[in-house]
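Chain by chain, the residues:
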Number of protein chains: 2
Amino acid sequence: MTANFDFYFDFSSPYGYLASTQIEALAAEFERQVNWHPILLGPMFKAMGSAPLSEIPLKGKYALHDFERSARLFGIPYAQPKEFPIGTVAAARAVLYLQRNTPEKAADFAKRIYRGYFAEGRDIGQPDTVLALAEEAGLDRSELANGMALEEVKDQLKKSVADAMALGIFGSPFIVVDGEPFWGFDRFDHIRKWLRTRG
Amino acid sequence: MTANFDFYFDFSSPYGYLASTQIEALAAEFERQVNWHPILLGPMFKAMGSAPLSEIPLKGKYALHDFERSARLFGIPYAQPKEFPIGTVAAARAVLYLQRNTPEKAADFAKRIYRGYFAEGRDIGQPDTVLALAEEAGLDRSELANGMALEEVKDQLKKSVADAMALGIFGSPFIVVDGEPFWGFDRFDHIRKWLRTRG
């Protein structure tokens, strides 16, 4: 089978960022490509009665340590953002708009947003930051600003989150491969083992 | 440095079981031994406002799938227990008693309890099951029964949990290596990388 990897992520998710730097290489090991699905963790946390990792007593302090250590151990640039976590509606809408209009640019821009936030201290919770990153990347800023405000783009994001939850997706990163669900950057090796040994 | 690995686990934790089958081999790669620390997740979940994985909406169904798949991908026998999760006070007290009186037998019996629960369908939430496993392992059943009821053993378990929480430990398995904390069976590779590359 050669179906694409479905890669679900929230732009405020550190492990989602780490995964975003390696998911294409992982998929390429199995001659696959990646479908990028920006989602929002907020509604998922609400359904689970959960909260962002860093805000949970006991677990929060460890999580902040593990974000940085995981990045270091895998050689990925990382600087814990000062504003964290943040709202990621604007960033997600920007990627969804590009996927509709210039799909060949959407994945690279998703990676650019993630890197801006988790490696360069850019506050991507602000729509203006997302637009500035777009401009720097050679995209049309005013077209994107208009695109992010389109009702169909807003509706698409709501639908994407609802569809993901209906599929049982509850976290970031979340990868679905040939119908098999994997949650977490730390499941990349499981994906490898699973694809090599199943059947 | 050659300090032991500190290995914290709750007997109701599937990933703790998976880790219990490999922690000694991992430690041995670095010429270390393992200190086994039975703890109780209940007080930690309470502090975090959390719950057993399998009981969390959305996440629970995935977790049950991931327990079995993780075991399969690593070649570890696993059968999801019918009674799950369970109370693990009796099992933890049994190991603590052995650590005081016949410490050379404690780690093997901890592994035996875990295997009984997660591979053989033995309901280790029942003190009688723990005692039956002890008898089968050639331990003195009545001595262990008396030992599990000792006030100092009961106090030791409370102290172990409180000490662990004071160290920032909140889950199972949790491994501390040279002061560095690692949460999860999926951090075994991080432990390797960390020990090989630090400093």
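Residues numbered from 1 in each chain as written. Chains lettered and ligands numbered in written order. Predicted model: local features only at pLDDT ≥ 70, side-chain atom pairs only at ≥ 80, totals over all residues. Heavy atoms only, no water.

Trainee: Help me understand the sheet that holds strand β3 (residues 174-177) of chain A in this model?
Mentor: What holds strands together in a sheet is hydrogen bonding between their backbones, with the strands either parallel or antiparallel. Residues and elements named next belong to chain A. Reading across from one edge, β2-β1-β3-β4 is the order of the 4 strands in this open sheet, with mixed pairing throughout. What marks the edges here is a single partner per strand, and that holds for β2 (34-38) and β4 (180-183). Across this sheet, the average inter-strand angle for adjacent strands is 20°, counted without regard to direction. (Pairing = 2+ DSSP bridges. Helix = DSSP H or I, 4+ residues; strand = E, 2+ residues; numbered from the N terminus. Axes fitted to C-alpha atoms, helices over the stretch in contact; angles between N-to-C directions.)

Trainee: I keep staring at the pattern of salt bridges and nothing clicks. Help me out?
Mentor: Should the charged atoms of two oppositely charged side chains come close, the side chains can pair. Residue and element names in this part refer to chain B. Using the criterion set out here, one finds 40 salt bridges over all chains in the structure. A salt bridge links D66 to R69; its shortest N-O distance comes to 3.0 Å. Highlighted residues: D66 and R69, both in helix α4 (residues 59-73), separated by 3 residues, approximately one helical turn. Given a relative accessible area of 0%, D66 falls into the buried group. Here R69 falls in the buried class, since its relative accessible area comes to 0%. E151 serves as the salt-bridge partner of K154, at 3.8 Å between the closest nitrogen and oxygen. Pair noted here: K154 and E151 are both in helix α9 (residues 151-166), with a separation of 3 residues, about one helical turn. (Salt bridge = Lys/Arg side-chain N within 4 Å of Asp/Glu carboxyl O. Buried < 20%, exposed > 50% of the residue type's maximum accessible area, 1.4 Å probe, protein only.)

Trainee: I tried to follow the sheet that holds strand β2 (residues 34-38) of chain B on my own but got confused; where do I start?
Mentor: Residues and elements named next belong to chain B. What the 4 strands build is an open sheet, ordered β2-β1-β3-β4; its pairing is mixed. Taken across any chain shown, the strands that pair with only one partner, and hence form the sheet edges, are β2 and β4 (180-183). Strand-to-strand twist across the sheet, computed as the mean angle between neighbouring axes with direction ignored, equals 20°. Across 5 bridges, the pairing between strand β1 (residues 5-9) and β2 is parallel. Along β2, the bridge assignment pairs Y8 with H37.

Trainee: Help me understand the packing of aromatic side chains in this model?
Mentor: Aromatic ring pairs are defined here through the distance separating the ring centres and the angle between the ring planes. Within this structure, the stated rule accounts for 46 aromatic pairs over all chains. With 5.2 Å between their ring centres and 85° between their planes, F7 of chain A and W36 of chain A make a pair best called edge-to-face. With F7 of chain A in strand β1 (residues 5-9) and W36 of chain A in strand β2, the pair connects residues that are 29 residues apart, well separated along the chain. Ring pairing ties together the aromatic residues F7, F9, F11, Y15, Y17, W36, F67, Y78, F84, Y114, Y117 and F118 of chain A, which thus form one cluster. The ring of F74 of chain B carries K193 of chain A above its face, with NZ or CZ at 4.5 Å from the centroid. (Phe/Tyr/Trp six-rings, centres within 6.5 Å; stacked < 30°, edge-to-face > 60°. Lys NZ or Arg CZ within 6 Å of the ring centre and 35° of its normal.)

Trainee: Help me out: how do you make sense of helix α8 (residues 141-148) of chain B in this one?
Mentor: Quick reminder: α-helices carry 3.6 residues per turn. Residues three or four places apart thus point the same way. Residue and element names in this part refer to chain B. All buried positions along α8 are accounted for by L144, G147 and M148. Seen from one end, α8 has its buried residues packed into an arc of 95°, which puts them on one side. The secondary structure elements touched by the buried residues of α8 are α5 (89-101), α6 (103-120), α7 (127-136) and α9. Between the side-chain oxygen at the start of α8 and the backbone nitrogen of S142 there is a gap of 3.1 Å, and the oxygen is on D140. (Arc of directions from axis to C-beta. Contact = heavy atoms within 4.5 Å. Polar contact = N/O pair within 3.5 Å; in protein donor to acceptor, adjacent residues only side chain to side chain.)

Trainee: I would appreciate a short explanation of the relation of the copies chain B and chain A in the present structure.
Mentor: The operation linking the two copies of the chain is a rotation about an axis combined with a translation along the axis. When chain B is brought onto chain A, the operation consists of a screw motion whose angular component is 180° and whose axial shift is 0.0 Å, with 0.0 Å RMSD remaining. On the angle and the small slide along the axis, the relation comes out as a two-fold axis. The C-alpha atom lying nearest the rotation axis in chain B is that of D186 of chain B; the distance is 3.1 Å. The share of interface residues of chain B whose copies in chain A are also at the interface is 100%, consistent with both copies meeting through the same surface. (Least-squares fit on C-alpha atoms with pLDDT ≥ 70 in both.)

Trainee: Mind showing me how you'd approach the interface of chain B and chain A here?
Mentor: Accessible area lost upon the coming together of the parts serves often as the stated size of an interface. Taken together, the contacts link 32 residues of chain B with 32 residues of chain A. Both sides together, the interface formed by chain B and chain A hides about 2900 Å², and carbon and sulfur atoms give 62% of it. Per-residue buried area on chain B facing chain A is highest for L58, Y62 and L73 of chain B; these three make up 23% of the total on that side. If you look at where chain B meets chain A, you find 6 salt bridges. For the salt bridge of R69 of chain A with E180 of chain B, the shortest nitrogen-to-oxygen distance reads 2.9 Å. There are 12 residue pairs in polar contact (both at pLDDT 80 or more) connecting chain B and chain A. Only α3 (41-48), α4, β4 and α10 (188-197) of chain B provide two or more residues apiece to the side of chain B that touches chain A. (Buried area = accessible area lost by both parts, 1.4 Å probe.)

Trainee: I tried to follow the side chain of D6 of chain B on my own but got confused; where do I start?
Mentor: Residues and elements named next belong to chain B. Mapped onto the fold, D6 is located in strand β1. At 8.8 Å, R32 is the nearest oppositely charged side chain to D6, a buried residue that forms no salt bridge. In terms of polar contacts, D6 uses its side chain to reach the side chain of N35, at 3.0 Å. Setting aside residues up to four positions removed in sequence, D6 forms contacts with N35, H37, F174, I175 and V176. (Lys, Arg positive; Asp, Glu negative; His and termini not counted.)

Trainee: Looking at this structure, I do not really get the packing of helix α10 (residues 188-197) of chain A against α4 of chain B. What am I missing?
Mentor: Helix packing for two helices is described by the angle between their axes and how far apart those axes are. Running from N to C, α10 of chain A and α4 of chain B cross one another at 70°; their axes reach a closest spacing of 10 Å. As summarised for this structure, α10 of chain A and α4 of chain B are arranged roughly perpendicular, according to the angle between their axes. α10 of chain A and α4 of chain B meet at a crossing whose hand is left-handed. Where α10 of chain A abuts α4 of chain B, its residues H190, K193, W194 and T197 of chain A lie against D66, R69, S70, R72 and L73 of chain B. Of the residues contributing to the contact of α10 of chain A with α4 of chain B, the split by class is 2 nonpolar, 3 polar and 4 charged. (Parallel < 35°, antiparallel > 145°, perpendicular 65-115°, else oblique. Left-handed = near helix turned anticlockwise from the far one by under 90°. Nonpolar A, V, L, I, M, F, W, Y, C, P; charged D, E, K, R; others polar.)

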